[in-house]
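# Survey of secondary and tertiary structure
If you want the building blocks of each chain, they are given just below.
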Amino acid sequence: GVKVMEIATKLRSQAARMAIYDDGDLHARALAILSPAELTEKALRVIDDAGGAAVRGPRSRGRELRAMMKWFKEEFFIWVNTVKCEVCGGDTENVGAAQATAEHRQHGAERVEVHRCKTCQHPSLFPRYNDPGKLLETRRGRCGEWANCFCLFCYAHGFETRYVLDFTDHVWVECYSEDLDRWVHMDCCENAWDSPLMYERGWGKKLSYIFSFTKGNVTDTTWRYSKDVAGSCSRRGGCGEAELVLLLEEINTELHRRHPDTTPAETDKRRIVELCSFLSDVKEVSASELLGRQSGSEEWRRARGEIGLAP
């Protein structure tokens, strides 16, 4: 049906663009901004899960991930509600869209927002770039740009990483933790680590489909993020679960044929462990997962219904 075709198109499109994160030139540019030595040093200042002082040891890579996300949010990338006026530096308001130029499209910006100055009325453009290399230069955006650029840093530093697409309009990443022997949720917009229930329980999102991508695999990871199985299932209309399983098998067969050397040897074992965790996980909801969304203006978060449910 139409719904199946729409999902298939979206999944194939995202899977196809994952190859960009393997670009060696982009890795070099990212590492010139944050070197492995700098990241190791930052990780020494990260407090471990038990609350003790961080030391070098077998968990240092996990601390490096947390340190990199903290650095990315607090020092590197900037959230954009509206841009500052490029003429007078005043506040602006989003008044619509402009035609994307060839240069915008060259860097993946099919959408260009127009932000008009409240003081001098000058229109400033905010291209929504989808090229992680360009984002290393602009260092600004909303969740799409944040996850895109952060994903590049994860790849550049050698972390096994999946890009996560939530059909209710949000994106983040997962990195495989050798320490925990599983995929770990990371949302750089919120500096959130291993808090997968935050969207449903904290933000109040009504989830439906969530997929995780590498260039060689697409996985339905909805049930890591939703414990409201009945509610989420009711919103997965137009594509039966059996149809979805067959579609993912078809897409993954294509991807494995195209990228035969990208699948880790233990993928089957990992997949079984991951599926079992979806079925049996009775993880207690953490305090961080009960928070509403922090990134973005209150007006914008309220309009998206992501202010949260907790007082």
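Keep in mind that this is a model prediction, so the values were computed, not measured.

Cut-offs and rules
- Residues numbered from 1 in each chain as written.
- Predicted model: local features only at pLDDT ≥ 70, side-chain atom pairs only at ≥ 80, totals over all residues.
- Heavy atoms only, no water.
- Salt bridge = Lys/Arg side-chain N within 4 Å of Asp/Glu carboxyl O.
- Helix = DSSP H or I, 4+ residues; strand = E, 2+ residues; numbered from the N terminus.
- Buried < 20%, exposed > 50% of the residue type's maximum accessible area, 1.4 Å probe, protein only.
- Contact = heavy atoms within 4.5 Å.
- Pairing = 2+ DSSP bridges.
- Axes fitted to C-alpha atoms, helices over the stretch in contact; angles between N-to-C directions.
- Parallel < 35°, antiparallel > 145°, perpendicular 65-115°, else oblique.
- Nonpolar A, V, L, I, M, F, W, Y, C, P; charged D, E, K, R; others polar.
- Core = buried A, V, L, I, M, F, W, Y, C linked by side-chain atoms within 4.5 Å.
- Disulfide = S-S within 2.5 Å.
- Left-handed = near helix turned anticlockwise from the far one by under 90°.

### Examining the pattern of salt bridges
Counted by the stated rule, this structure contains 31 salt bridges. The partner of Lys 134 in a salt bridge is Glu 137, and the shortest N-O contact between them spans 3.5 Å. Of the two residues, Lys 134 and Glu 137 both sit in helix 6 (residues 132-138), three residues apart, roughly one turn of that helix. On the basis of relative accessibility, which here comes to 51%, the residue Glu 137 falls in the exposed class.

### Quick look at the environment of Ala 156
With respect to the helices and strands, Ala 156 occurs in helix 7 (residues 143-156). For Ala 156 and Asp 23, which are 133 residues apart along the polypeptide, the C-alpha to C-alpha distance reads 8.9 Å. Apart from residues no more than four positions distant in its own chain, Ala 156 is found in contact with His 27, Ala 30 and Leu 31.

### Brief notes about the sheet that holds strand 6 (residues 161-166)
With antiparallel pairing, six strands are arranged side by side in an open sheet as 9-8-7-6-10-11. Each having just a single partner strand, strand 9 (192-193) and strand 11 (217-220) make up the two edges of the open sheet. Note that strand 10 (residues 210-214) and strand 11 share four bridges and pair antiparallel. Bridged to Ser 212 within strand 11 is Thr 219.

### Regarding the packing of helix 3 (residues 36-43) against helix 4 (residues 60-76)
For the pair helix 3 and helix 4, the least separation of the axes is 8 Å and the interaxial angle reads 100 degrees. Accordingly, the angle class assigned to the pair helix 3 and helix 4 is roughly perpendicular. Here Leu 39, Thr 40, Lys 42 and Ala 43 of helix 3 come into contact with helix 4, specifically with Ser 60, Arg 63, Glu 64, Ala 67, Met 68, Trp 71 and Glu 75. Here the residues of the contact of helix 3 with helix 4 are counted per class, giving five nonpolar, two polar and four charged.

### Let's talk about the pairing of strand 11
Each regular strand displays side chains that alternate between the two surfaces of the sheet. With burial as the criterion, each face of strand 11 is covered, one bearing Asn 217 and Thr 219 and the other bearing Val 218 and Asp 220. The loop that links strand 10 with its antiparallel partner strand 11 comprises two residues.

### A word on the sheet that holds strand 3 (residues 112-117)
Pairing is antiparallel in the open sheet, where three strands are placed in the order 2-3-4. If you trace the sheet from one side to the other, it starts and ends with strand 2 (92-98) and strand 4 (123-127), each paired once. Taking the axes of each pair of neighbouring strands and ignoring which way they run, one obtains an average angle of 35 degrees across the sheet.

### Focus: the nonpolar core
Counting residues in hydrophobic clusters, the biggest one holds 58 residues, and the most contacted among them are Leu 11, Met 68, Phe 72, Phe 150, Phe 153 and Val 218. Top element by residues in this core is helix 7. It accounts for eleven residues. Setting aside its immediate chain neighbours within four residues, Val 218 contacts Leu 11, Ala 15, Phe 211, Ser 212, Phe 213, Leu 248, Ile 251, Asn 252 and Leu 255. By size, the runner-up hydrophobic cluster in this structure holds nine residues, among which are Trp 172, Ala 192, Tyr 199 and Trp 203.

### Quick word on the side chain of Lys 42
Looking at the element boundaries, Lys 42 is found in helix 3. What Lys 42 contacts, discounting residues up to four positions off in sequence, is Leu 34, Ala 67, Trp 71 and Glu 75.

### Digging into the state of the cysteines
What is meant by a disulfide is a covalent connection between two cysteines, made through their sulfur atoms. Enumeration according to the criterion identifies zero disulfides in this entry. Looking at Cys 85, it has no disulfide partner, and the nearest cysteine sulfur is the one in Cys 120, 3.7 Å off. By relative accessible area, which is 5% here, Cys 85 ends up buried. In this model Cys 189 remains outside any disulfide bridge; the closest cysteine sulfur is found in Cys 188, 4.8 Å from its own.

### Re the packing of helix 4 against helix 7
Between helix 4 and helix 7, the shortest axis-to-axis distance is 11 Å and the interhelical angle comes to 135 degrees. When the interaxial angle is binned, helix 4 and helix 7 end up oblique. Here the hand of the crossing between helix 4 and helix 7 comes out right-handed. Counting all contacts with helix 4, which are made through Leu 65, Met 68, Met 69, Trp 71, Phe 72, Lys 73 and Phe 76, the residues of helix 7 involved are Trp 146, Cys 149, Phe 150, Phe 153 and Cys 154.

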